[in-house]
Amino acid sequence: KLCIHHNDISEIDEDIHLLSKLQHINISSNRFVSLPDNFYKLQQLTWLQMDNTQLTSVSHEIGRVCTFVGYCYNSIVVIINFHFTLFFLFQFHISF
């Protein structure tokens, strides 16, 4: 579990994927505008809380990685590849 919420952090290190056993991350209330590409290599990640960040987009890979994603109070515009639409509908449990 990694809880770094409310820390005024603006960037996640590219080496985040080296935390290979990580299952739960809370990055809420930080200044992130993007997630590093290696973030989507966290094979055991199941829970991601990213409320109140400055993220504007998330890769479609997040649906493959996580079963729960919370992102209230964001400006996220998720562009979903048509082939992944059904996958997203069943994999995302979005909190509002």
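None of these values were measured; they are calculated from a predicted model. (Residues numbered from 1 in each chain as written. Predicted model: local features only at pLDDT ≥ 70, side-chain atom pairs only at ≥ 80, totals over all residues. Heavy atoms only, no water.)

Topic: the environment of S20
Relative to the elements of secondary structure, S20 occurs in the loop between strand 1 (2-3) and strand 2 (24-26). Residue S20 is classed as partly exposed on the basis of its relative accessible area of 43%. In the structure, S20 is positioned 22 residues away from L42 in sequence and 5.9 Å away in space, judged by C-alpha atoms. (Helix = DSSP H or I, 4+ residues; strand = E, 2+ residues; numbered from the N terminus. Buried < 20%, exposed > 50% of the residue type's maximum accessible area, 1.4 Å probe, protein only.)

Examining a negative patch on the surface
Taken together, the side chains of E11, D13, E14, D15 and D37 make up a negatively charged region of the molecular surface. For D15, the location among the structural elements is in the loop between strand 1 and strand 2. (Patch = residues over 30% accessible without salt bridge, like charges linked within 9 Å, V, L, I, M, F, W, Y side chains within 5 Å. Areas by Shrake-Rupley, 256 points an atom, 1.4 Å probe, with all protein chains shown as cover. Salt bridge = Lys/Arg side-chain N within 4 Å of Asp/Glu carboxyl O. Lys, Arg positive; Asp, Glu negative; His and termini not counted. Charge placed at Lys NZ, Arg CZ, Asp CG, Glu CD.)

Structural notes on the pattern of salt bridges
Counted by the stated rule, this structure contains one salt bridge. One salt bridge in this structure joins D8 and R31, with 2.7 Å as the shortest N-O distance. Residue D8 is located in the loop between strand 1 and strand 2, and its partner R31 is located in the loop between strand 2 and strand 3 (47-49); the two are separated by 23 residues in the primary sequence.

A look at the side chain of S28
With respect to the helices and strands, S28 occurs in the loop between strand 2 and strand 3. Take S28: its relative accessible area is 6%, and that puts it in the buried class. At 3.0 Å, the side chain of S28 forms a polar contact with the backbone nitrogen of D51. Residues within four places of S28 in sequence aside, it is in contact with H5, H6, Q49, M50, D51, N52 and T53. (Polar contact = N/O pair within 3.5 Å; in protein donor to acceptor, adjacent residues only side chain to side chain. Contact = heavy atoms within 4.5 Å.)

So, the nonpolar core
One finds I25, I27, F39, L48 and I62 to be the most contacted residues of the largest nonpolar core, which totals 20 residues. In contact with F39, not counting residues within four places along its chain, are I12, I16, I25, L45, L48 and I62. (Core = buried A, V, L, I, M, F, W, Y, C linked by side-chain atoms within 4.5 Å.)

Digging into unusual backbone geometry
Residue D8 is not a glycine yet carries a positive backbone phi of 60 degrees. For N52, which is not glycine, the phi dihedral falls at a positive 55 degrees. Exposure remark for N52: the relative accessible area of 42% places this residue in the partly exposed category.

As far as function goes, none of this settles anything; it's purely spatial.
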